[in-house]
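# Close look at the chain arrangement
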Amino acid sequence: MFPAPRSSYLPVVLAGLTATIVVTAVVAGYLLFRPERPVGSVRADRAVAGGGKALTALDRMVPTTAPHAATAPTASAPAPRMTGGPGITPTPPQVFAVAQASVPRATLHKISALKHVQKIAAVDAGTVRVSGTAISLLAVNPAEFRAWTPKAVAGEPGVWDAIAKGEIVADAQAVRRLGMLLGADYQVDNGPRLRLGASAAFGLPGVDGLVSVEVGRGLGLLPGVAVLVHGEDEHAAALGSGVRAELGQGAQVVTVGEAANQVTKAAKAGKDGKVEDGAAHPKAPQRVVVGRPGSYLELYQVSAKVCPGLSWTVLAAIGQVESSHGRNNGPSSAGALGPMQFMPATWKAYGVDGDGDGKADIWSPYDAVPSAANYLCANGANQGGKKLEKAVWFYNHSWSYVRKVLGIAEGYARQYG
């Protein structure tokens, strides 16, 4: 039987994890799959934003569909560092669980191996008191946790900046329930003062707010007791059952978001003896034919037509930063694949069949480059200006990444006219 309504007990469970307000050495939240990759210094074949130096001769680079890793780096030609591509497309949890103690790494691996599990994370959690009122918190790494939140929350920089600055971000319902004020400081009983930097709707039952891992350590939150699992909504019930079996007695497990609706529909269908309409079916790969151009220059130019108004130079700049135009296709340490460094979950939503061979191949530049245009267009890149900047930001959630890509794009525009 699936657990009782989510609002009935998770606050109680989290309240049972009351934090002792002392500085303790605890392990930060453990992210098993798909952490956001940091943006580092990227070698762009001496392409420096605004520098006017020589750029890669794209008209002489022939795309290849063979998946391959970077060639061995040398002192004169170090391997380019992949930044990760559009891997921050929100993948909110279908299952949220709270254990009575830190979840062992071995158990997390068992959960990750369950059928239908695509992604899993464990974070620190606990309850503190402000003027005697219990507030349940998760301690998270902003760069890693943002993909677990709804799109509107993931795309709001103020939320993640506040956490990074050591402030608390409260759930919107908690703000209303507790009468909290944005910008106000709140004294934790026997602990520090925390500024309420932002509020957002996380969709996690029993969670009143988020703080950084560092703040969580200072508050004594318990390490790795809250587990989030991402899979397919239609398999939420099976995911919940599997997670509950691995965490054992005492753990509280619920489905959340759209997955909870799927479970309710499935239960109703079983009760009524009917099959729900609109059940999910596998989709054929979207076909956006760009052919098989003989150079990366042509490939970027024709692929930009997938998103009328998008300059091909932006695609070329992203291709340079992500894989040096197919010379370092990954997989990255986080699991990003192909010349445009897509995460598999993002590829499933935005990957297209660009060469008309009947499949959308994440490794093929003829599919990956138009897929990148498709993803950018979905985020408004063809509107230019601030919309373009934000679309590139969605590709990799970093403003330094945006500046790098647009700077390289300017260089390609000067080189090729």
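Cut-offs used in this document
Residues numbered from 1 in each chain as written. Predicted model: local features only at pLDDT ≥ 70, side-chain atom pairs only at ≥ 80, totals over all residues. Heavy atoms only, no water. Helix = DSSP H or I, 4+ residues; strand = E, 2+ residues; numbered from the N terminus. Buried < 20%, exposed > 50% of the residue type's maximum accessible area, 1.4 Å probe, protein only. Contact = heavy atoms within 4.5 Å. Areas by Shrake-Rupley, 256 points an atom, 1.4 Å probe, with all protein chains shown as cover. Axes fitted to C-alpha atoms, helices over the stretch in contact; angles between N-to-C directions. Parallel < 35°, antiparallel > 145°, perpendicular 65-115°, else oblique. Left-handed = near helix turned anticlockwise from the far one by under 90°. Nonpolar A, V, L, I, M, F, W, Y, C, P; charged D, E, K, R; others polar. Core = buried A, V, L, I, M, F, W, Y, C linked by side-chain atoms within 4.5 Å. Disulfide = S-S within 2.5 Å. Pairing = 2+ DSSP bridges. Arc of directions from axis to C-beta.

## Brief notes about the overall build of the protein
Across its full length, the protein carries 15 helices and 12 strands. Counting every position in the protein, which comprises 417 residues, the buried fraction comes to 51%. Of the contacts made within the protein by residues no fewer than 6 positions apart, 76% connect residues no fewer than 24 positions apart. Accessible surface, the protein: about 18200 Å² in total, of which carbon and sulfur atoms supply 54%.

## Points about the packing of helix α10 (residues 296-303) against helix α11 (residues 312-323)
To characterise two packed helices, one gives the angle between the axes of the helices and the distance between these axes. The geometry of α10 relative to α11 is characterised by a closest axis approach of 8 Å and an angle of 125° between their N-to-C directions. Relative to α11, the element α10 lies oblique. Considering only the axes of α10 and α11, their crossing is right-handed. Counting all contacts with α10, which are made through Leu297, Tyr300, Gln301 and Ser303, the residues of α11 involved are Trp312, Leu315, Ala316, Gly319 and Gln320. Taken together, the residues of the contact of α10 with α11 sort by class into 5 nonpolar, 4 polar and no charged.

## Section: the nonpolar core
In this structure, Leu58, Leu310, Val314, Leu315, Leu376 and Tyr395 are the most contacted members of the largest nonpolar core, which totals 45 residues. Elements represented by at least two residues in this core include exactly α10, α11, α12 (344-350), α13 (365-378), α14 (385-395) and α15 (399-416). Judged by nonpolar contacts, the second largest core, of 26 residues, contains Val123, Ala200, Leu204 and Val207.

## Quick notes on the state of the cysteines
Applying the stated criterion to the full structure yields 1 disulfide. The partner cysteine of Cys307 in its disulfide is Cys377, sulfur to sulfur 2.3 Å. Across the S-S bond of Cys307 and Cys377 the torsion is about 80°, and the bridge reads as right-handed. Residue Cys307 is located in the loop between α10 and α11, and its partner Cys377 is located in helix α13; the two are separated by 70 residues in the primary sequence. Note on Cys307: relative accessible area 0%, which makes it buried. The exposure class of Cys377 is partly exposed, given its relative accessible area of 24%.

## Topic: the pairing of strand β9 (residues 222-230)
Most of β9 sits out of view: 7 of its 9 residues are buried. With 4 bridges joining them, strand β2 (residues 95-98) and β9 adopt antiparallel strand pairing. Counterpart to Phe96 in the pairing with β9 is Leu228. Pairing analysis gives 5 bridges linking strand β3 (residues 119-130) to β9, with the strands arranged antiparallel. Across the sheet, the residue bridging to Lys119 is His230, located in β9.

## Quick word on helix α5 (residues 157-164)
By the burial criterion, the buried members of α5 are Val159, Trp160, Ala162 and Ile163. The buried residues of α5 occupy an angular sector of 155° when projected down its axis, which confines them to one face. Taken together, the buried residues of α5 touch β4 (133-140), α3 (142-145), α4 (151-154), β5 (168-171), β7 (193-200) and β8 (209-212). Phi turns positive one or two residues past the end of α5, at Gly166, with a value near 90°.

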